[in-house]
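# Commentary on secondary and tertiary structure
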Amino acid sequence: MSENLKQDNVEAVGTKEDVEKLMRKYDKESNTRIWEGKPALIIRAVMVVFSLYCIYSTLFSVAALEKRLTAFLAFVVVMGYLTYPASKHHVRHNFIPWYDYVLMIVGASCFLYYCLSYDSLVRILTSASKIKPFQIAIGIAGILILMELCRRCVGLPILCVVGVLLIYTFSTGINIKRVLYTLFYTTSGVLGTPVQVCAKYIVVFIIFGAFLERTGIAAFFIDLANSLVGGFSGGPAKVAVISSALCGMVSGSSVGNTVTTGSVTIPMMKKTGYKGEFAGAVEAAASTGGQIMPPIMGAAAFLMAEYMNVTYGEVALRAILPAVLYFTGIFIAVHLEAKKLGLKGIDREQLPKLSQLWKKLYLLLPLVVLVYLVTTNTRTMQFSASIAIIFAIVVSLFDKNNRITLPKFFEALEAGGKSTVTIAVACSMAGLISGCITATGLASKLISGVVSISSSVKFIDPTMVALFLTMLCCIVLGMGVPTTANYCIMASTCAPILITIGVPKIAAHFFVFYFGIVADITPPVALAAYAGSAIAKSNPMKTGINATKLAIAAFIVPYIFCMNPAMLLIDVTAFDVIQIILTSLVGLFGVAAALEGYLVSSMHPIIRIISAIGGLMMMVPGTMSDVIGIALLALVIIIQIVKSKKAIKEA
């Protein structure tokens, strides 16, 4: 590619305003009100108070669970309606319509009524038959106002599921008293496990992430990646893969990480010669993969340990090989793309020196402390996260440019509170879904339906059909939902189905988690890919398709570890582990080459098919499949070498 073309390529990079405009169009969470002056200060104060309340509540409060959860949701309703307008057309400076004030006050009052009257309610409402008409009205208003907030900040997919289940619940003949009693006044609905997990664990980890971001750790990760791989062929794309994996691991947001690291890596990739659709896709796929990257996994690792009732260390261990395969697949793809286009790396004189970066390793201390405390069970997860927040503040003091001063301290608390709104609302909807399924006994019917459909499909393993149906469900439910809330929803709704049909518990939870996450790069609602396309100035749909191709491992590996949990390092020997790692990596190389259409030279469509089959065979644990895979890939390599030598002679 000529220097002029490269220059034209890099100049076509989206600005911050371009990103905001596109994300307001596609991402509900980005469509927020604009506050300035005194109103902004008041709202920031509310966010800060909320974050401080959450830390106090999860660490020190001895109040009844229902009291803490209803106060938590009252806060969420207030912040939600102050932040999210009814539509993007209502976004104006310092403006909120009167009806939003009404919704905010009524919604918060519904939960505060429960909170303040809990002691008397717990004695009176011992069964659904004792609920009074005005308490029914309070329950209905509280749920509907939460659902409207969900529409504004999360989107319609999960809300449609809730609506259908509510209609189904009433259609079964269950009276309204019993429905409202279950969904509003017990811990089987809105106040169910997802919101409990959110209020107890997720909020503190979100706040920790906000503090960690302000220590400058993202810039450190980017510099580290540049130092390691920036000078190699197509270096900037490889930098994007490594830095986004590290940053996404702690950010807990695929979209947020795409915007943060993508603003640096995407212009670098385009300057090197990558097309916009590919550059945006690399960043989106890698940022999304950061959510499955141990040991943090966007805080989901700690939640998975809680849901599965296993140790955190076990979750982190099981996540290693799938994560390695995911990022290796992207890394191979960007390398092959660079070789195909003849792209060079960054001049090594312009890269950070590894010797200089050692001085900033102290930035990792908060993460090390967090992982150590949780792994050794020295402290509870929420207490460990709080201690890690203190360490984040301390390590920031060593860098005058990223020092967490008092204004930055409050800024981090504000950011943590604001980020919690969407997650808490999504979790409350997950509670409603779970409550409806429990109240109607729908779980057994769903399982029977999945088994029936699976069995009716001939010539295909019924478990594979069930996994495919669950995958579609996870992708739909995961559209636009943040990582931690995403997992809470999947763990409550989809994982039990797989466990019932015989999939091991750990494999089932990893399966639904993976496919909930890849919703961020799977068209038509690929928010991370859209964020990348806004920066790359590329077509959003094409960027999403490219991101899906790059993340192919995330669509293959979950099926493999459900059919054979050896990939999750379950019931394996040391030899088995080595064999699985080697064959899986070689197999992934074959699949990536097939998708890219290039190995040593361009590949004929038939050769691409053979390469894909060989790669898949090697990724499936088993000696016979490995032998077949090796034979097919060896054939592909021989054909490619012969073709390359022939082309050289003819030239």
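Keep in mind that what you see is a predicted model, and the values were worked out from it rather than measured.

Calculation rules
Residues numbered from 1 in each chain as written. Predicted model: local features only at pLDDT ≥ 70, side-chain atom pairs only at ≥ 80, totals over all residues. Heavy atoms only, no water. Helix = DSSP H or I, 4+ residues; strand = E, 2+ residues; numbered from the N terminus. Buried < 20%, exposed > 50% of the residue type's maximum accessible area, 1.4 Å probe, protein only. Contact = heavy atoms within 4.5 Å. Areas by Shrake-Rupley, 256 points an atom, 1.4 Å probe, with all protein chains shown as cover. Lys, Arg positive; Asp, Glu negative; His and termini not counted. Charge placed at Lys NZ, Arg CZ, Asp CG, Glu CD. Expected span 1.5 Å × (residues − 1). Salt bridge = Lys/Arg side-chain N within 4 Å of Asp/Glu carboxyl O. Core = buried A, V, L, I, M, F, W, Y, C linked by side-chain atoms within 4.5 Å. Disulfide = S-S within 2.5 Å. pLDDT = per-residue confidence, 0-100. Phe/Tyr/Trp six-rings, centres within 6.5 Å; stacked < 30°, edge-to-face > 60°. Lys NZ or Arg CZ within 6 Å of the ring centre and 35° of its normal. Axes fitted to C-alpha atoms, helices over the stretch in contact; angles between N-to-C directions. Parallel < 35°, antiparallel > 145°, perpendicular 65-115°, else oblique. Left-handed = near helix turned anticlockwise from the far one by under 90°. Nonpolar A, V, L, I, M, F, W, Y, C, P; charged D, E, K, R; others polar.

### A short note on the overall build of the protein
Of the regular secondary structure elements, the protein holds 31 helices and zero strands. A principal-axis box enclosing the C-alpha atoms of the protein has dimensions of 90 × 60 × 50 Å. Split into buried and exposed, the 651 residues of the protein put 56% on the buried side. Taking the contacts inside the protein whose residues are at least 6 apart along the sequence as the reference set, 78% of them involve residues at least 24 apart. When the accessible area of the protein is evaluated, it comes to approximately 26400 Å², of which 67% is carbon and sulfur surface. Averaging the locations of the 50 positively and 32 negatively charged side chains of the protein gives two centres separated by 4 Å.

### Brief notes about helix 28 (residues 552-563)
Note that an α-helix has 3.6 residues per turn; residues three or four places apart therefore point the same way. A rise of 1.5 Å per residue sets the reference length of helix 28, with its 12 residues, at 16 Å; its end C-alpha atoms lie 18 Å apart and thus fit the reference within 8%. For helix 28, the tally of buried residues reaches 10 of 12 residues, placing the bulk of the element in the interior. Turning to helix 28, the residues buried within the fold contact helix 16 (312-341), helix 22 (462-477), helix 25 (505-517), helix 27 (540-550), helix 29 (574-596) and helix 30 (605-619).

### Quick notes on helix 25
Between the first and last C-alpha of helix 25 there are 18 Å, a value that for 13 residues agrees with the 18 Å anticipated at 1.5 Å per step. Among the 13 residues of helix 25, 12 are classified as buried, and the element is accordingly described as predominantly covered. Taken residue by residue, helix 25 has Ile506, Ala507, Ala508, His509, Phe510, Phe511, Val512, Phe513, Tyr514, Phe515, Gly516 and Ile517 as its buried positions.

### Comments concerning the pattern of salt bridges
Counted by the stated rule, this structure contains 10 salt bridges. Across the pair Arg33 and Asp100 runs a salt bridge whose closest N-O atoms are separated by 2.4 Å. In this pair, Arg33 is assigned in the loop between helix 2 (16-26) and helix 3 (37-59) and Asp100 in helix 5 (residues 98-116), connecting sequence segments 67 residues apart. Among the charged side chains, a network of salt bridges with common partners joins Arg33, Asp100, Glu148, Arg151 and Arg152.

### Let's talk about the nonpolar core
Counting residues in each nonpolar core, the largest one holds 202 residues, and the members touching the most others are Phe72, Phe510 and Phe511. With 15 residues, helix 10 (residues 193-213) is the single largest residue contributor to this core. Once residues within four sequence positions are removed from consideration, Phe72 is found in contact with Phe50, Tyr53, Cys54, Val195, Cys198, Ala199, Val203, Thr420 and Ala424.

### A few points about the environment of Val161
Within the secondary structure, Val161 sits in helix 8 (residues 156-171). On the accessibility criterion, Val161 (25% relative accessible area) is partly exposed. Residues Val161 and Phe410 lie 249 residues apart in sequence; the distance between their C-alpha atoms is 37 Å. Sequence-distant contacts of Val161, defined by excluding residues within four places in its chain, comprise Ile433 and Leu477.

### With respect to the state of the cysteines
Enumeration according to the criterion identifies zero disulfides in this entry. Free of any disulfide, Cys488 has its nearest cysteine sulfur in Cys427, 4.1 Å distant. Cys473 provides the cysteine sulfur closest to Cys494, a residue in no disulfide bond, and the two sulfurs are 3.7 Å apart.

### Thoughts on the confidence of the model for the protein
Segments scoring low in pLDDT should not have their predicted coordinates read at a detailed level. Looking at the protein as a whole, the pLDDT averages 88, with 96% of positions reaching at least 70. Scored below 50 in pLDDT, residues 1-8 makes five contacts in the model with residues more than four places away or belonging to other chains.

### Some remarks on the packing of aromatic side chains
As enumerated under the stated definition, the model contains 27 aromatic pairs in all. Considering the side-chain rings of Phe510 and Phe561, the 6.3 Å spacing of their centres and the 75° angle between planes classify their relative orientation as edge-to-face. Separated by 51 residues along the polypeptide, Phe510 in helix 25 and Phe561 in helix 28 bring together distant segments of the chain. Grouping residues by exposure puts Phe510 and Phe561 together as buried. In textbook terms, an aromatic cluster arises when at least three aromatic residues are bridged by ring pairs, as seen for Tyr307, Tyr487, Phe510, Phe513, Tyr514 and Phe561. Over the face of the ring belonging to Phe232 we find Arg348, whose NZ or CZ atom lies 5.2 Å from the ring centre.

### Observations regarding the packing of helix 23 (residues 483-493) against helix 25
The interhelical angle for the contact between helix 23 and helix 25, taken along N-to-C directions, is 135°, at an axis separation of 9 Å. In terms of orientation, helix 23 lies oblique with respect to helix 25. Regarding helix 23 and helix 25, the two cross each other, and that crossing is right-handed. Note on element contacts: helix 25 touches helix 23 through His509, Val512, Phe513, Gly516 and Ile517, opposite Thr483, Asn486, Tyr487, Met490 and Ala491. Of the residues belonging to the contact of helix 23 with helix 25, the class tally is six nonpolar, four polar and no charged.

### Thoughts on the environment of Pro366
Mapped onto the elements, Pro366 comes out in helix 18 (residues 365-375). Sequence-wise, Pro366 and Phe208 are 158 residues apart; in three dimensions their C-alpha atoms are separated by 9.2 Å. Apart from the residues lying within four places of it in its own chain, the contact partners of Pro366 are Phe208, Leu212, Ala388, Phe391, Ala392 and Val395.

### So, the packing of helix 14 (residues 276-289) against helix 26 (residues 527-536)
One can describe the packing of helix 14 onto helix 26 by two numbers: an axis separation of 8 Å at closest approach and a directional angle of 140°. On the basis of their axis angle, the class for helix 14 and helix 26 is oblique. You can see that helix 14 and helix 26 cross each other, and the crossing is right-handed. Counted together, Gly276, Gly280, Ala284 and Thr288 of helix 14 and Ala528, Ala529, Gly532 and Ala536 of helix 26 form the full contact between these two elements. Of the residues that constitute the contact of helix 14 with helix 26, the class distribution is four nonpolar, four polar and no charged.

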